[in-house]
Amino acid sequence: MPGKPGFYGKRRSTGAMASKGTVFVCCECGELSYRWLGRCPGCGAYGSMEERREEPRRGGGERRGAGDPRPIPLHAPVGGEARMTSGIGELDRVLGGGAVAGSLVLVGGEPGIGKSTLLLQAGAGWASRGTRTLLVSGEESAAQVGSRAARLGISHPDLLLLCEGELEVLERAARELAPGVMVVDSLQTVWVPGLDSPPGGVGQMRESVFRLQRLAKELEAAVFLVGHVTKDGVVAGPRLVEHMVDCVLYFEGDRSDGLRILRSVKNRFGSTSEVGIFEMTDGGLREVEDPSLRFVGRRKKPVPGTASGVVLEGRRPLVVEVQALVAPSCLPSPKRISSGVDPRRLAVNIAVLERRAGLRLSDRDIYVGLTGGLRISEPCLDLAMCMAVASSHLDRPVPPGSAMLGEVSLTGEVHPVSRMADRIREAYRLGYGKLFLSSSFLEKADEAGLAGGMELVGVGDIEEALRAAGLIHPSSRS
Ligand code: TYD
Ligand code: MG
């Protein structure tokens, strides 16, 4: 058998073999084993096998009877699936055009990010559009949910609340009310009596999701499951839940900033490249209609250390501003601190500036951040990042009203990035007058007439880019 028992993770059993009636279940993927393993053979996670006192269900045979949920075909069923829109455009779009009757949607996110608020506001939207919505809260009391609803001015006779965690009670209430949408907040608080597994454990979760899936099909309701996410960004508990649901959404953002992004990582009824952008305000979540405007610092006078780039969030191009501060360091190994950009890309870009453009940065502390609380790991920001760092180091601003678009390779060459046309159009739409981009794309951009009224400046490598932006003199190297 694969794995190295006893070497990785905490060993949870004293014997290598399980005693009679005991199995080991991986809390990440649900893989079963009769003996303890340090590494799960199913998903490769270390130390994830938990002991469970229960007869294993071989192949799940006894569960698969009448009423078993059928896999949903990916092509649109004849007649199209019934969609329920909440009126919150950003949410409806990420769902693929509204919630689908009979589907199961997992909404993951860190505690406090706004999952309950989003689904409460969506609930009000569904109710006001004639879809009865049942909110089930196992975490908060009726008074807590009620006060949030009152604060947001939410009240509708078709929006109902049940504060309960026991699955059988939820099922009974749902069958009685026949809601079009049911929100279970959160999955970790649902429990099925009579199971050995503790609430939030693998057994409980598997059983709850399975039964909620059946309920969704039976009532033709869209069931939303809220799932808390651990620090590493995975839904706490089994990844198995992700396989069982039709749609997985993640609600993300920086708690210190109001920006929230709803991403779809799996969707049987829509594209996973859609994102919804919101802002958390005192009056709840507000949709951000023109996100680019939010991420670009609008200043009258150009400031050294800033450069704009165009990133893609899902399908949407967004103009963002990279800010850099380069300061003398008194440390033997100077600081490189990044927020919102990938620290490895920052390190590479600094090395490229040193070696390919002759900037002396090895005795400088360098701080780089993105405005607006976005997190971007795409290489498309390389050129903007290099320009911002060089601009701060040399204390000269980049040309006013300019944006940068390009990946910088280890050789210092500037390459085009994906979906150039959409990004160029977005920069033009926001009123940028000048765009630095890879010279290899310049001809194509001209042929396609992408520039609009913008001046496109083609640059072959990073040194040429710094020169074209007026940061270094043609004959001088800093
Ligand atoms: P919540 O929806 O409870 O988060 P989750 O369900 O993901 O744990 O949101 C909690 C945070 O949102 C809390 O820190 C307060 C903030 N908030 C606002 O800023 N404005 C509001 O109108 C509401 C309802 C919450
Ligand atoms: Mg909550």
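An account of the accompanying structure is given in this report. (Residues numbered from 1 in each chain as written. Chains lettered and ligands numbered in written order. Predicted model: local features only at pLDDT ≥ 70, side-chain atom pairs only at ≥ 80, totals over all residues. Heavy atoms only, no water.)

1. Overview of the overall build of the protein chain
Counting secondary structure elements, the protein chain contains twelve helices and 23 strands. Among the 478 residues that make up the protein chain, the fraction classed as buried is 52%. The contacts of the protein chain with a sequence gap of at least 6 include a subset with a gap of at least 24, amounting to 68%. With an accessible surface of roughly 21300 Å², the protein chain has 50% of that area assigned to carbon and sulfur atoms. (Helix = DSSP H or I, 4+ residues; strand = E, 2+ residues; numbered from the N terminus. Buried < 20%, exposed > 50% of the residue type's maximum accessible area, 1.4 Å probe, protein only. Contact = heavy atoms within 4.5 Å. Areas by Shrake-Rupley, 256 points an atom, 1.4 Å probe, with all protein chains shown as cover.)

2. Thoughts on the site of ligand 1
In the vicinity of ligand 1 there are 16 residues, among which Gly112, Lys115, Ser116, Thr117 and Thr281 approach most closely. Contacts to ligand 1 include Ser116, whose side-chain N or O atom sits 2.6 Å from an oxygen atom. Here an oxygen atom of ligand 1 sits 2.6 Å away from a polar atom, N or O, in the side chain of Thr117. Protein coverage of the free-state accessible area of ligand 1, which is 560 Å², stands at 74%. Of all elements in the fold, only helix H2 (115-128), helix H3 (142-151) and strand E13 (275-281) reach the threshold of two or more residues within the shell around ligand 1. It is H2 that contributes the most residues to the shell around ligand 1, three residues altogether. (Near = heavy atom within 4 Å. Polar contact = N/O pair within 3.5 Å; in protein donor to acceptor, adjacent residues only side chain to side chain.)

3. Remarks on the sheet that holds strand E16 (residues 316-328)
Backbone-to-backbone hydrogen bonds pair the strands of a sheet. The strands run either parallel or antiparallel. Overall, mixed pairing links the seven strands, which are arranged E17-E18-E16-E15-E19-E22-E23 in an open sheet. Edge strands, defined here as strands with exactly one partner in the open sheet, are strand E17 (336-339) and strand E23 (455-459). Strand-to-strand twist across the sheet, computed as the mean angle between neighbouring axes with direction ignored, equals 25°. Sheet topology note: the strand E22 (residues 434-438)/E23 ladder contains five bridges and is parallel. Bridging across to E23, Leu437 finds its partner in Gly458. Across the sheet, helix H8 (residues 343-357) touches E17 and strand E18 (364-370), and the angle it forms with E17 is around 130°. Relative to the sheet, helix H11 (residues 439-447) contacts E22 and E23, its axis offset from that of E22 by approximately 120°. (Pairing = 2+ DSSP bridges. Axes fitted to C-alpha atoms, helices over the stretch in contact; angles between N-to-C directions.)

4. Observations concerning the packing of H8 against helix H9 (residues 382-394)
Packing of H8 against H9 leaves a shortest axis separation of 10 Å and a crossing angle of 60°. With respect to H9, the axis of H8 lies oblique. Where H8 crosses over H9, the handedness of that crossing is right-handed. Contact with H8, carried on its side by Arg345, Leu346, Asn349 and Leu353, involves Asp382, Met385, Cys386, Val389 and Ala390 of H9 and no other residues of that element. A class-by-class count of the residues in the contact of H8 with H9 yields six nonpolar, one polar and two charged. (Parallel < 35°, antiparallel > 145°, perpendicular 65-115°, else oblique. Left-handed = near helix turned anticlockwise from the far one by under 90°. Nonpolar A, V, L, I, M, F, W, Y, C, P; charged D, E, K, R; others polar.)

5. Notes on the packing of aromatic side chains
Considering all chains together, one arrives at two aromatic pairs under this definition. Ring centres of Trp126 and Phe224 lie 5.1 Å apart, and the angle between their planes is 45°; on these two criteria the pair is classed as tilted. Highlighted residues: Trp126 in helix H2 and Phe224 in strand E10 (residues 222-228), separated in sequence by 98 residues. Between the aromatic rings of Phe251 and Phe278, the centroid separation amounts to 5.9 Å while the plane-to-plane angle is 80°, which identifies the pairing as edge-to-face. You can see Phe251 sitting in strand E11 (residues 247-253) and its partner Phe278 sitting in strand E13, a full 27 residues away along the chain. This pair shows no difference in class: Phe251 is buried, exactly as Phe278 is. (Phe/Tyr/Trp six-rings, centres within 6.5 Å; stacked < 30°, edge-to-face > 60°.)

6. A look at the pairing of strand E15 (residues 306-313)
Counting buried positions along E15 gives eight out of eight residues, so the element sits mostly inside the fold. Going residue by residue along E15, you find Thr306, Ser308, Val310 and Leu312 tucked away on one face and Ala307, Gly309, Val311 and Glu313 tucked away on the opposite face as well. Strand direction decides the pairing type here: E15 and strand E19 (residues 402-405), joined by two bridges, are parallel. The residue of E19 that forms the bridge with Gly309 is Met404.

7. Considerations on the nonpolar core
Judged by nonpolar contacts, the single largest core of 69 residues is most densely connected at Leu381, Leu383, Met387 and Ile424. Here this core gets nine residues from one element, more than from any other, and that element is H9. Once you skip the residues sitting within four places of it in the chain, Leu383 turns out to touch Met404, Leu405, Gly406, Val408, Val414, Phe436, Val459, Ile462 and Ala465. Listed in part, the 32 residues of the second largest apolar core include Ile113, Phe251, Leu262 and Phe278. (Core = buried A, V, L, I, M, F, W, Y, C linked by side-chain atoms within 4.5 Å.)

8. Looking at the packing of helix H4 (residues 167-177) against helix H5 (residues 202-219)
Closest axis-to-axis distance for the H4/H5 pair is 11 Å, and the angle between their directions is 5°. On the basis of their axis angle, the class for H4 and H5 is roughly parallel. Here H4 contributes Leu167, Glu168, Glu171, Ala174 and Arg175 to the contact with H5, which in turn contributes Ser208, Arg211, Leu212, Leu215, Glu218 and Leu219. For the contact of H4 with H5, a count of residues per class yields five nonpolar, one polar and five charged.

9. Observations concerning H8
In a regular helix each residue adds 1.5 Å, so 15 residues correspond to 21 Å; H8 covers 20 Å between its end C-alpha atoms and thus fits that length. Listed in full, the buried residues belonging to H8 are Leu346, Asn349, Ile350, Val352, Leu353 and Ala357. Taken around the axis of H8, the buried residues stretch over an arc of 160°, which confines them to a single face. When the buried face of H8 is taken as reference, the exposed residues oriented beyond 90 degrees from it are Pro343, Arg344 and Arg355. The backbone nitrogen of Arg344 lies 3.0 Å from a side-chain oxygen of the residue at the head of H8, namely Asp342. A positive backbone phi angle near 70° is found at Gly358, which sits one or two residues after H8. (Expected span 1.5 Å × (residues − 1). Arc of directions from axis to C-beta.)

10. Structural notes on the side chain of Gln204
Relative to the assigned elements, Gln204 resides in helix H5. Its relative accessible area of 3% is what places Gln204 among the buried residues. Dropping the residues within four chain positions of it, Gln204 is found in contact with Val190, Trp191, Val192, Leu195, Ser197, Pro198 and Pro199.

11. Quick word on the pattern of salt bridges
Once their charged atoms are close, side chains differing in charge can pair, the charge on each being opposite to the other. Tallying each qualifying case throughout the model produces 23 salt bridges. A salt bridge links Asp158 to Arg132, with the shortest nitrogen-to-oxygen separation between them at 3.7 Å. Residue Asp158 is located in the loop between H3 and strand E8 (159-162), and its partner Arg132 is located in the loop between H2 and strand E7 (133-137); the two are separated by 26 residues in the primary sequence. Ionic contacts of the salt-bridge type, sharing partners, join the residues Glu90, Arg93, Glu274 and Arg316 into one network. (Salt bridge = Lys/Arg side-chain N within 4 Å of Asp/Glu carboxyl O.)

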